[in-house]
Structure formats: structure tokens, C-alpha cells
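Residue-level listing of the chains:
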Amino acid sequence: MARILDEAVSLSDSQQLVKRNIQDICSNFDAEYWREKATEDEYPHEFVDTLTEHGWMGILVPEEYGGAGMGTRETVVMMEEIAAGGGGFSAAQAVHGGVYNSVPITEYASEEMKDDLLPGVAEGKTSIQAFGLTEPNAGSNSPAMETRAERDGDEYVVNGQKIWISRVDVSDYIVLVARTTPRDEVEKRTKGISMFLVDLDDAVQQGALEMETIPKSAGELVHSYELWFDDLRVPAENLIGEEGNGFYQVLDGLNEERLVIAAECIGLGRLALERAVDYANEREVFGNPIGSNQAIQHPLAEAYARLQAAKQLTYNAADRAASDDAVDLGAQANAAKFLAADAAFQAADAAVQTHGGFGIAKEYDVERYLREARLTRLVPITQQLALNYLGEQVLGLPRSY
Ligand SMILES: Cc1cc2nc3c(=O)[nH]c(=O)nc-3n(C[C@H](O)[C@H](O)[C@H](O)COP(=O)(O)OP(=O)(O)OC[C@H]3O[C@@H](n4cnc5c(N)ncnc54)[C@H](O)[C@@H]3O)c2cc1C
């Protein structure tokens, strides 16, 4: 039977191949598997290992380094199917960093670093799942970061704090963003920031990294950490790209990644909607399936319409990603993320309502989908910040902050 929203977009041959393969993998991890992982706050190692064995962590790694050499359009399909396959946003987030952190390395790292790292990423022997940008005193205003990396001979010395950094526990390396020139010595606040590859084992062995898990209520099977760096010594050759240009390196590729996040939201919304439709057809009250009541049927139809619109925008933008200019792609990517997160939330909320009292029973999973859908409105960029982009950069309205 065709799945909900299969008809929303037409797929190229390579997209269809990705979709079939990911669906096959996901079919081996049922609802019980994901329920258990969420209940135990346990990272889905078995699922991630299977994706890795099939080469999917290297989807964006160029073929010359042993990866699949695919692009945004295939990654969008992969991440939508992973989320829709039962694990929701958490399943996608469990691998998101591993898939995406290869991009700045491919784009900006030295040939030596690429040769050293990328084949291992493609094979699944090297894990670069963690990305360290957010800080407690900067929040959404990332260029206000305070973590410093100061050059000392052939090393950088890193001091500072990061927060909400995900998947540190399943990473060999973190891609770390830190200020290399003080804010008052650069003409623009986005300058003087640099990107580094940090070996996490080495940091712990130096006694220069402390970390604590942040207990949380949504997306709990992917762990997030607060990190403190105290005189961490990083070899100068671990600089990724150009010193002082790191923030622009973060921005480059952000729109395409945002489309992938939108696809993860759509996958979660699909999952919630599919579960709700099944229940609405099965459950009988007053002698009829509850899905025959329009108070149940319409919110599900509305979820379908919203997800359909978000999916078409996301796939359309992903297909055009390589050829679009930055502002145009930014408009589409921010609109897609905003619409997809809201569509996922409405779908998950309708799914909970459809289940009545069982909507909050863990065994039906929809309460977990609702918590995850709420999370999608906060990360990796909040809905407000996505709207700020559209208001300022696309509509040309003045900035208030
Ligand atoms: C589960 C999870 C995983 C994460 N993983 C990572 C990770 O791996 N790496 C990483 O670097 N970061 C990570 N983050 C951090 C995430 O990107 C930030 O939480 C997010 O960008 C928001 O920053 P903040 O939490 O500091 O909110 P704040 O910036 O404090 O914002 C608080 C509220 O104020 C609003 N607000 C602030 N400024 C404005 C404005 N100018 N206009 C309108 N509204 C505004 C925001 O939209 C938000 O609603 C993660 C966060 C979570 C929750």
C-alpha cells in the first residue's frame, strides 16, 4: 500500500534508490525498538550501525574518498524516510551530525585532513557526530560567542564553554567553532571566528575537557551536553579552512542543511499522521469508527494538507539547491523549515487528540511524537529566527535587535 504523502513529489532514480534502501533498513526496527530506546534514554546504536554498514553515513562524502557522493536531494529523502520509519525526529537526529559534519571538512579542510578523515567517515570507522556552536551567553546570537582559541606556536589554546552539544558520547571528534580574534578587534562581529577539528579522546586525556549531560524530555535518546574547555591544546593543522572565516563557513551550506531538517520534520509528521489514521479507522465509539467524526477527520486532513505543502516546498528547493543563488535558497529553506516544523506539530497534536486518553499512553507513541514535534520548533534554529530571516533578508524589513 502506498504510504501517506508518497504522491506529494516525484522522485529521480537516485532518490528512489535511497528511499527503498532506507525503508528496507527501517523495517527491521519496529515501534517497540524505538519505544524501548526512548524509555531507556538510550542511543539507537543498532540502527545507526546498520545505516553505517550500508554506507549511509557517507552519503555526502565525495566518491573519491569512498563515500556515496550524493547531494541535498538524496539526503532530504534519506532523512525524511528515517524519521517516518518509526524513530521520528530522534532517529534522524541520531545520525544528523554524522552525515552533515563531513560537509565543512569536504569544503574547507586541507587535503591531508580530508585524506585522513573522510574515508573513515564513509566506512563508519570514524565518527564526527558533534558540532559545537551554541554557548550559554550567546544563544541564537552565535557571533556573540565567548569561547577563545588563541594561537600559541604550532597550537591553539581553547578556553570557554559550549551548551546543548549533541552526540558527544558517540563522536570521535567535534567540529568546534571558537573566536580567534577578540570581538573588539574585528570590524564585523561575524569575523574573527574559526572552525577546528578537536579529537575528543585527546581533549579528555589532556584533562582539558569536562562535560555534563543535559537531562531533557524530548529527543531524549540523543544526548546533549554542556562542555567546558580549559587550556585545551589543539594542533594548528586542525584548523578547518581559513582562520577568522569560520562563521562564514558555518553559514555556507546552512540552507541546504535546513532543508534536510525540514524533511526530518515532514517524516515525523507523516509518522504521526499514519498512526492517527490507523487508530481513527480501527477505534469504534458510539458504534462507528471515530474517524467518521469530522472533529477527528478534519484535523487529520488538515495535517495531510500542511505536510503536503511543506514537502513540496522542501523537495522543490532541494532539487534546485545546486543552482539557486543564496538569498533565494535562504528564503525557501527558512520557509520550508518553518512550515515543516509547524506541520509536524499540528499532525502530532491531532494524533494525540485522535487517540483520546491513549494519546498520552507511551504504548501508542504519539505523545513522544508530540514532544519531538515541539522540539522541531526550537532546533536547530527557532521558528522566530527563521521568521527574522524571512522578514529582514527576503522582505527587506528593518532589524529590531
Ligand atoms: C535538543 C537540542 C539539541 C541541540 N544540539 C545542538 C548541537 O549539537 N550543537 C549546537 O551548537 N547547538 C545545539 N543546540 C542549540 C540550539 O541550536 C539552540 O538551543 C537554539 O539555537 C536556540 O538558542 P537558545 O536555546 O540559546 O535560545 P535563545 O537564543 O535564548 O532564545 C530564547 C527564545 O527567544 C527567542 N529570540 C531570541 N532572540 C530573538 C530575536 N532577535 N527575535 C525573535 N525572537 C528571539 C528565540 O526564538 C527563543 O524562542 C541544541 C538544542 C537542543 C534543544
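The model shown is predicted, which means the values in this text are computed figures rather than measured ones. (Residues numbered from 1 in each chain as written. Predicted model: local features only at pLDDT ≥ 70, side-chain atom pairs only at ≥ 80, totals over all residues. Heavy atoms only, no water.)

Okay, the pairing of strand 4 (residues 173-179) next. Extensive coverage of strand 4 is indicated by the burial of seven of its seven residues. Of the two faces of strand 4, the one lined by Y173, V175, V177 and R179 and the one lined by I174, L176 and A178 are each fully buried. In this sheet, strand 4 lies alongside strand 1 (residues 130-132) in parallel orientation, the contact comprising three bridges. In the sheet register, F131 faces strand 4, and the bridge partner there is V175. (Buried < 20%, exposed > 50% of the residue type's maximum accessible area, 1.4 Å probe, protein only. Helix = DSSP H or I, 4+ residues; strand = E, 2+ residues; numbered from the N terminus. Pairing = 2+ DSSP bridges.)

Turning our eyes to something else, we now look at the state of the cysteines. Applying the stated rule across the entire model yields zero disulfides. Free of any disulfide, C26 has its nearest cysteine sulfur in C265, 17 Å distant. Relative accessible area serves as the criterion here: at 7%, C26 is assigned to the buried category. (Disulfide = S-S within 2.5 Å.)

Turning to the UniProt feature "domain: Acyl-CoA dehydrogenase/oxidase N-terminal" (unreviewed entry) in the chain, a few remarks are in order. Feature annotation in UniProt assigns "domain: Acyl-CoA dehydrogenase/oxidase N-terminal" (unreviewed entry) to the following positions: residues 12-125. The distance from the first to the last C-alpha atom of residues 12-125 is 30 Å, and the span holds 71% helix and 0% strand. (UniProt positions renumbered as here; feature names shortened; annotations may be inferred.)

This next bit is on the environment of A333. The residue A333 is located in helix 11 (residues 326-354) in this model. According to the relative accessible area criterion, A333 is buried, its value standing at 0%. Expressed as a C-alpha distance, the spacing of A333 and D6, which sit 327 residues apart in the sequence, is 21 Å. Among all residues touching A333, those that are not within four sequence positions of it are N255, R258 and L259. (Contact = heavy atoms within 4.5 Å.)

This part takes up the packing of aromatic side chains. Counted by the stated rule, this structure contains seven aromatic pairs. Taken together, a centroid distance of 5.0 Å and an interplanar angle of 85° make the contact between Y33 and W34 edge-to-face. W34 carries the same exposure label as Y33, and that label is buried. Summarising the aromatic geometry, the rings of Y279 and Y364 are spaced 5.6 Å apart at their centres and angled 80° between planes, so their arrangement reads as edge-to-face. One end of the pair, Y279, is in helix 9 (residues 254-282); the other, Y364, is in the loop between helix 11 and helix 12 (366-376), with 85 residues separating them in the sequence. With a relative accessible area of 8%, Y279 lands in the buried category. Three or more aromatic residues link up through ring pairs in this structure, and these residues are F29, Y33, W34 and F47. If you follow R377 out to its NZ or CZ, it ends over the ring of F345, 4.2 Å from the centre. (Phe/Tyr/Trp six-rings, centres within 6.5 Å; stacked < 30°, edge-to-face > 60°. Lys NZ or Arg CZ within 6 Å of the ring centre and 35° of its normal.)

UniProt's feature table lists "domain: Acyl-CoA oxidase/dehydrogenase middle" (unreviewed entry) at residues 130-230, given in the numbering used throughout. In this annotation, residues 130-230 is assigned 6% helix and 46% strand; the end-to-end C-alpha distance for the span is 19 Å.

Our focus in this paragraph is the pattern of salt bridges. A complete count under the given rule lists 23 salt bridges for this structure. Between E81 and R270 there is a salt bridge; the shortest N-O distance is 3.0 Å. On the criterion of sequence distance, the pair formed by E81 in helix 4 (residues 72-100) and R270 in helix 9 is long-range, its members being 189 residues apart. The buried category is assigned to R270, whose relative accessible area is 1%. A salt bridge links R306 to E302; its shortest N-O distance comes to 2.7 Å. On the criterion of helical spacing, the pair formed by R306 and E302 is a turn pair, its members being four residues apart in helix 10 (residues 294-320). Here R306 falls in the partly exposed class, since its relative accessible area comes to 40%. The structure contains a network of salt bridges with shared partners spanning E80, E81, R270, E274 and K311. (Salt bridge = Lys/Arg side-chain N within 4 Å of Asp/Glu carboxyl O.)

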